[in-house]
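Here is what each chain is made of, one letter per residue.
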Amino acid sequence: MDGQLRLRNARVAIVGVGGLGTPAAMYLAAGGVGTIALIDGDRVDPSNLQRQVLFTDRDVGRPKAAAAAERLSDMNGEVTIVPRALRLDSANALAELAGYDLIIDGSDNFPTRYLVNDAAVLLGVPSVHGSVLRFEGRVAVFGTTTGPCYRCLYPEPPPPGVVQDCQDAGVLGVMPGLIGVLQATEAIKWLCTLGDPLDQRLLVVDGLSMRFQSFAVSRDESCPMCATRRITSLIDYDAFCAPPMRAPDVAAMSPAEMASRLGIAPQVLDVREPWEWELCRIPGARLTPLAQLDDVMKTLDRRAETIVYCHRGTRSLQAARRLRAAGFAEVSHLEGGIDRWSVEQDATIRRY
Amino acid sequence: MRINLPSVLTPLAGGHHTLDATGDTVGQAIDDIARRFPALSPRLRDSHGAPYPFVTIYLNDEDIRFLGGFETPVRPSDELSVVPAVAGG
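Residues numbered from 1 in each chain as written. Chains lettered and ligands numbered in written order. Predicted model: local features only at pLDDT ≥ 70, side-chain atom pairs only at ≥ 80, totals over all residues. Heavy atoms only, no water.

K.L.:
What is the right way to read the overall build of chain B from this model?
P.N.:
Along its length, chain B carries two helices and five strands. Of the regular secondary structure in chain B, the N- to C-terminal order runs β-β-α-α-β-β-β. Its C-alpha atoms give chain B principal-axis dimensions of roughly 35 × 25 × 25 Å. Counting only residues that meet the buried cut, chain B has 57% of its 89 residues in that class. (Helix = DSSP H or I, 4+ residues; strand = E, 2+ residues; numbered from the N terminus. Buried < 20%, exposed > 50% of the residue type's maximum accessible area, 1.4 Å probe, protein only.)

K.L.:
I'm lost on the confidence of the model for chain B in this one. Help?
P.N.:
Low-confidence regions, as indicated by low pLDDT, have predicted coordinates that should not be scrutinised in detail. All names here are of chain B. Here chain B averages 93 in pLDDT, and 100% of its residues register 70 or above. Averaged pLDDT values over the elements of chain B bottom out at 90 in helix α2 (residues 41-44) and peak at 97 in strand β1 (residues 2-4). Complex prediction metrics read pTM 0.76 and ipTM 0.94. (pLDDT = per-residue confidence, 0-100.)

K.L.:
How should the environment of L12 of chain B be read in this particular structure?
P.N.:
Mapped onto the fold, L12 of chain B is located in the loop between β1 and β2 (18-20). With 59 residues separating them along the chain, L12 of chain B and E71 of chain B place their C-alpha atoms 25 Å apart. Contact partners of L12 of chain B, with chain neighbours within four places excluded, come to R303 of chain A together with F37, A39, L40 and R43 of chain B. (Contact = heavy atoms within 4.5 Å.)

K.L.:
Please clarify how the sheet that holds strand β3 (residues 55-59) of chain B should be interpreted in this entry.
P.N.:
Adjacent strands of a sheet pair through backbone hydrogen bonds, lying either parallel or antiparallel. All names here are of chain B. Strands sit in the order β2-β1-β5-β3-β4 across an open sheet of five strands; the sheet is mixed. Either end of the sheet is taken by a strand with one partner, and the two such strands are β2 and β4 (62-63). Bridging between β1 and β2 involves three bridges; their strand directions are antiparallel. Of the residues in β2, the one forming a bridge with I3 is L19. (Pairing = 2+ DSSP bridges.)

K.L.:
Looking at this structure, how should I read the packing of helix α1 (residues 2-9) of chain A against helix α8 (residues 174-192) of chain A?
P.N.:
To describe two helices that pack against each other, one gives the angle between their axes and the distance between the axes. Residue and element names in this part refer to chain A. As a packed pair, α1 and α8 sit with axes 9 Å apart at the nearest point and diverge in direction by 105°. Of the possible angle classes, the one that applies to α1 and α8 is roughly perpendicular. Residue-level contacts link G3, R6 and L7 of α1 to I188, L191 and C192 of α8. Residue composition of the contact of α1 with α8, by class: four nonpolar, one polar and one charged. (Axes fitted to C-alpha atoms, helices over the stretch in contact; angles between N-to-C directions. Parallel < 35°, antiparallel > 145°, perpendicular 65-115°, else oblique. Nonpolar A, V, L, I, M, F, W, Y, C, P; charged D, E, K, R; others polar.)

K.L.:
Can you walk me through the interface of chain A and chain B in this structure?
P.N.:
Many descriptions give the size of an interface as the accessible area lost when the pieces come together. On the chain B side, the residues contacting the 41 residues of chain A number 28 residues. Carbon and sulfur atoms make up 56% of the area that chain A and chain B hide from each other, which totals about 2,700 Å². For the interface between chain A and chain B, the tally reads one salt bridge. Two residues, R65 of chain B and D220 of chain A, come together in a salt bridge whose shortest N-O distance is 3.3 Å. Across the chain A-chain B interface, the total number found is 15 residue pairs in polar contact (both at pLDDT 80 or more). Taken together, the elements giving at least two residues each to the side of chain A that touches chain B come down to α5 (110-123), β5 (127-133), β6 (136-142), α6 (150-153), β7 (201-206) and β8 (211-216) of chain A. (Buried area = accessible area lost by both parts, 1.4 Å probe. Salt bridge = Lys/Arg side-chain N within 4 Å of Asp/Glu carboxyl O. Polar contact = N/O pair within 3.5 Å; in protein donor to acceptor, adjacent residues only side chain to side chain.)

K.L.:
Just to check I follow, could you spell out the side chain of E186 of chain A for this structure?
P.N.:
All names here are of chain A. Residue position: E186 is located in helix α8. With a relative accessible area of 6%, E186 lands in the buried category. Excluding its chain neighbours within four sequence positions, the residues that come into contact with E186 are V128, V139, V141, P197 and L198.

K.L.:
Help me out: how do you make sense of the domain arrangement of chain A in this one?
P.N.:
As assigned here, chain A comprises domain 1 (2-240) and domain 2 (251-344). Domain 1 of chain A and domain 2 of chain A are separated by 41 Å when their C-alpha centres are compared. (Domains from an automatic or database assignment.)

K.L.:
Could you clarify how one ought to interpret the pattern of salt bridges in this entry?
P.N.:
Two side chains with opposite charge may pair up if their charged atoms get near one another. Residue and element names in this part refer to chain A. One pass over the structure, following the stated rule, counts 25 salt bridges over all chains. Salt-bridge contacts for D105 lead to R113; the nearest nitrogen and oxygen are separated by 3.0 Å. Note on accessibility: D105 and R113 belong to one class, buried. A salt bridge links D294 to R322; the shortest N-O distance between them is 3.3 Å. Residue D294 is located in helix α12 (residues 293-297), and its partner R322 is located in helix α13 (residues 314-325); the two are separated by 28 residues in the primary sequence. Taken together, the salt bridges that share partners define one network made up of D59, R62 and E70.

K.L.:
What am I meant to see in the environment of S260 of chain A here?
P.N.:
All names here are of chain A. Positionally, S260 belongs in helix α10 (residues 255-261). Residue classification places S260 among the partly exposed positions, given a relative accessible area of 48%. Separated by 129 residues in the primary sequence, S260 and S131 have C-alpha atoms spaced 42 Å apart. At 2.6 Å, the side chain of S260 and the backbone oxygen of E257 are in polar contact.

The following block contains the structure:
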């Protein structure tokens, strides 16, 4: 009964009302957590329905926060639901999250994860982390008075494209459900001071082998967020997670350099038009007119070395920059294009 | 010793979830599997051979960052687990 009263008096903010946030919210509402904020700027998409079990076909197109609030109020009218149909960012996070006893991080991208962590630590509010990729999930409680924060576990995010996101790698529909329910479990334990929280451990769940392993996570005494407190305000998380590209990020290759990579670099793209391709081409290349680059990009491996060429090197530079911006790890282009290739490397290539 | 890989890396390791590796240090064990499965190499360490800040490697259940990094000595009975940061939800 004491526990039920504690839940009734508790205020929990859920960031991300998606695969993790919806199952967590359902159990917190059903369990009688007094106030639940739902923070999500997205609208319900048909592709969400396979795992975001709070939503129905009729909700498609509606703001997730509003649709979820309606369903949760139907489930338990005693609970106050605070729908916040907005994207959490550095400007609004402290105000949105202030006054809550616990935060559930159900977001789906690195910038928001670091933002939630930092805001939670600055506010002195613990956060229950959950994340999934394919058949795997992670759960931990961060930002307690003595425990580690997300930055203690991962000081820096991976550069874009190095770790696949769910759009690329897919997610087994039930995995976020499992992890979201574990987050709700940790939340209820924390609010009722029951059992051993995951505040010094990272739970790693492998859905394929159904192995649950936990690893020690300690506060990093050099952590600028929770230990040394060098970070005293929120930063630009998009920039933190995607450092601006510098010019040398796209390497310019000479025909000789490119010749040495042919047969090794797995992706060679010819970004000219089909009529140019008919005139001449470099063996092993794949025709990808610039206008189709965005579509073709989705079928390519971002981790694999990619070389781009065109007629004289202008379109290829543009394409290479776009590939880098999309997270391709290693991109170079043929300076001077196939025209220079014909002069320096292979005279049988027709010039035009 | 045994090295446990996350499912996202198993396609780069011939489909194996766990690999046997030899070496006297964490770094040598990582070298061993990187040599056998070159596609794994850039997912485990950077181009200078240093650990990434977004891939945690546990020796049994301890983060090697708080032990001796890649220099941490290992015994054949030890287990390494690779746990990269994921953000999905």
